[in-house]
Amino acid sequence: MTQELAPIRRDHSPAVSSDWWRDAVIYQVYVRSFADSDGDGIGDLRGVRDRLPHLAGLGVDAVWLTPFYASPQADGGYDVADYRAVDPLFGVLADADDLVREAHRLGLRVIVDIVPNHTSDRHPWFRAALDGGPDAPERALYHFRPGRGPDGALPPNDWESVFGGPAWTRTGDGAWYLHLFAPEQPDLNWEQPAVREEFDSVFRFWLDLGVDGFRIDVAHGMVKAAGLPDIGLREQAKLIGAQVLPFFDQDGVHEIHRAWRRLLDGYDGQRIGVAEAWAPTAERLALYVRPDELHQAFNFQFLTCAWDAGAMRRVIDGSLAATGSVGAPTTWVLSNHDVVRHTTRYGGGERGLRRARAAALLTLALPGSAYLYQGEELGLPEVTELPDAVRQDPAFFRGDGQDGLRDGCRVPIPWSGTSPPYGFGPGGSWLPQPPAWAGLSVAAQTGDPRSTLELYRSALALRKELPGLGDGGALEWLAAPAGVLAFARPGVVCTLNTLDTEAELPVPGRPLLSSAALEFGGGTVRIPGAACVWWAV
Ligand code: GLC
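Residues numbered from 1 in each chain as written. Predicted model: local features only at pLDDT ≥ 70, side-chain atom pairs only at ≥ 80, totals over all residues. Heavy atoms only, no water.

A few words on the sheet that holds strand β17 (residues 503-506). Read across the open sheet, the three strands follow the order β17-β20-β19; overall the sheet is antiparallel. Two strands bound the open sheet, and with one partner strand each, they are β17 and β19 (519-521). On average, each strand axis in the sheet is inclined to that of its neighbour by 25°, with strand direction left out of account. Of the pairings in the sheet, the one linking β19 to strand β20 (residues 524-527) comprises three bridges and is antiparallel in character. Residue pairing across strands places Gly521 opposite Thr524, the latter belonging to β20. (Pairing = 2+ DSSP bridges. Helix = DSSP H or I, 4+ residues; strand = E, 2+ residues; numbered from the N terminus. Axes fitted to C-alpha atoms, helices over the stretch in contact; angles between N-to-C directions.)

A separate point is the pattern of salt bridges. Scanning the model with the defined rule gives 37 salt bridges in all. Taking the shortest distance from any N to any O, the salt bridge between Asp268 and Arg271 comes out at 2.9 Å. Each of the salt bridges in this network shares a partner with another, and the network as a whole consists of Arg49, Asp50, Asp98, Glu102 and Arg105. (Salt bridge = Lys/Arg side-chain N within 4 Å of Asp/Glu carboxyl O.)

Burial within strand β13 (residues 369-373) is extensive, with five of its five residues counted as buried. Alternating positions in β13 separate into two faces, Ser369, Tyr371 and Tyr373 on one and Ala370 and Leu372 on the other, with burial throughout. Looking at chain direction, strand β1 (residues 25-29) and β13 are connected through four bridges and run parallel. Bridged to Gln28 within β13 is Tyr373. Two strands pair when backbone bridges link them, and strand β12 (residues 331-333) and β13 are joined in this way by three bridges, in the parallel orientation. Bridged to Thr331 within β13 is Ser369. (Buried < 20%, exposed > 50% of the residue type's maximum accessible area, 1.4 Å probe, protein only.)

Glancing now at the nonpolar core. Generally speaking, a soluble globular protein has its nonpolar side chains buried in company with each other. Of all hydrophobic cores here, the largest spans 146 residues; its most connected members are Leu55, Leu65, Phe68, Trp206, Phe214 and Trp534. Contacts of Trp206, omitting those with residues within four sequence positions, involve Phe68, Tyr69, Tyr83, Arg84, Leu93, Ala96, Val112, Val211 and Phe214. (Core = buried A, V, L, I, M, F, W, Y, C linked by side-chain atoms within 4.5 Å. Contact = heavy atoms within 4.5 Å.)

Time to look at the site of the ligand. Taken together, 14 residues sit near the ligand, with Asp75, His118, Asp217, Glu276 and Asp338 positioned nearest. Side-chain polar atom of Glu276 to an oxygen atom of the ligand: 2.7 Å apart, as the coordinates give it. With respect to the ligand, the side chain of His337 contributes an N or O atom lying 2.9 Å from an oxygen atom. Relative to its unbound accessible area of 300 Å², the ligand is 95% covered by the protein chains. (Near = heavy atom within 4 Å. Polar contact = N/O pair within 3.5 Å; in protein donor to acceptor, adjacent residues only side chain to side chain. Areas by Shrake-Rupley, 256 points an atom, 1.4 Å probe, with all protein chains shown as cover.)

Those residues of helix α4 (residues 124-131) that sit buried are Trp125, Phe126 and Ala129. Relative to the axis of α4, the buried residues are bounded by an arc of 95° and lie together on one face. Of the residues one or two after α4, Gly133 is the one with positive phi, at around 75°. (Arc of directions from axis to C-beta.)

Parsing the protein into structural domains produces domain 1 (21-119 + 192-223 + 239-386 + 450-463), domain 2 (124-178) and domain 3 (474-536). A straight line from the C-alpha centre of domain 1 to that of domain 3 covers 30 Å. Contacts between the two partners involve 23 residues from domain 1 and, on the opposite side, 23 residues from domain 3. For the pair domain 1 and domain 3, the interface holds two salt bridges. (Domains from an automatic or database assignment.)

Within the element layout of this structure, Pro88 appears in the loop between β4 (82-86) and α3 (93-105). On the basis of relative accessibility, which here comes to 69%, the residue Pro88 falls in the exposed class. Considering only alpha carbons, one finds Pro88 and Leu364, 276 residues apart in sequence, at a separation of 36 Å.

If you want it as C-alpha cells, here you go:
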C-alpha cells in the first residue's frame, strides 16, 4: 500500500510561532483544477509546487490541498484506495515531499485532506471484504448488514445517501453495506480498533513527511447511532447541519478527535486538525474545537448566511460566542469545492462581484482564521453552463440528494493568456473554461489597482501589518445606519454597506482599503452600495 519512496522524518522547517493557526489565512487548493504541469488537462502536485510563489505573494499563511491520494476518482479523490500513495494523475510521492519542502521554504504551511469516514470500494480492505464472502473478517471493518423483508431485498434501514438514493448497496451474496455518500465510498466501522490504528499510522506517515496539519473530511460522520435506527423522514440530505442525525454529529466522534489531538500534539511545530463538520448549531460545532480536540472547524453558518446586515451580525456574534466559550478561534469561510462560488451566490454579475469583494474585506477583518478558495481572489463566478457530458460530480448522476452541481466551482482557474486553458497547463482543462475568463486571469489582474486580485493582495498585506486584525483583540460593534455594519478592532474600524444604494456616515478614520471608490465631503463619507472599507483609527 505504499509507494516507492519512503518519506524520511525531518525537522519541521517553518519558524515556529506560537499558535500560528489562530489567525492563519489558509488557501484551499483543489488540486485537479489549480495548475497542470504535464498537459493531461488535470492539475497536479508539480503544478501546485510551481505556482506556490503566487500564493506566497498573495500573502496567505498556509495551503490546504484536497485529496491527491490513489483513488478511482469516483468522488474527486474523496474515495481513497491507498492513503499513503499519490495517484498517478497527480504525480508521485516525491512530488508531495517536494511540494511540502518548497512551501516551507517560502514560509507557507501545508495542510492535507484526510478522509476517515469512508474508503474507496477499491481499497484493499473493502476488496477483501467483498471477495472473501459473507464470512470475510474484513466485513467487520465496514457496516455490512442483512436486508429487511422476507428475502432481505430491502435495505437494512431508511438512511439516504447524501448524494441521493439509499445509503445501502446490496452485494452479490445478498448482504448490504452502508455508504453515506456514493456506493464507491463504503463507510468504515470506527468501533474496530484496526480502523483507528490504521488512521493513526496514516496521520503519522504524512506528519513524518512534514505536513502541518489535516483537514478532516466528514469529521462529524465516523460514529453511527447504536443499532443504526431508522430516521422516519425523507430528503435527509436537507437535514444535514439542521439536526443531529443517527449518522452525523453523534457524540462519540469527539473521542476520536481527542485521540488525534494527542497524536498531533506529539509532533513539533503545532500541527493542526480542522474539522469539516456540519453541526446544527454554533454551540454543537464548538464541541469539535474544545481545547483537547481539533484546532479549528469550518464555519459553514457564515458561508450559508444571507447577504443581510442583521443576519450577518447574528452569525458573527453567535460564532464568536460559541468558539469563545471553548477558547478556540472562529474560522470564516465563504466558498469551497462543494458550494456555488459566492460571487454567484450573492447575485452574480457586477452586483455579485461587488458583494464578493466587500465580503472578502469583512471576512479578513473578523477575529480568527480565514479560509480562501482558489479563484475567489480573482472574483471568479460559478460556471453554471457545463454540458452534462463533462460533469463528474457523483451526485449529478444520482439525483434527489445534493444538487449535484459541484463541478461549476471546480473549473480550472485562469492564470494567463487570452484563450483556454489560460495558462492552466500545456494541454487542455478537464472542465471547459468560459471565454470571459481571459480578463480574470492572474496575469490580467496583476498590477491593476481596481482588480479583485490586487484587493486581496492589499488586504492580506495589511492584515499582516496591523496587529489589531487577525487574532489580535476583540470586536466591538459601532452604531451605524440600517443596512450598514460597523465594528472596531484594535486600531482598525471596518464598515460594510450591505445595501444596493449608497450609505453616508461620519468619517470613522483614515481610509486604509476599500472595495469600491469612496466620496468624501463635509466630514462624511459616502460608501457606495455593497462595499466594505477598512479605516485606521
Ligand atoms: C466532504 C467533501 C466532499 C465529498 C464528501 C465525501 O463533504 O468536501 O467533496 O464529496 O466529503 O467525502
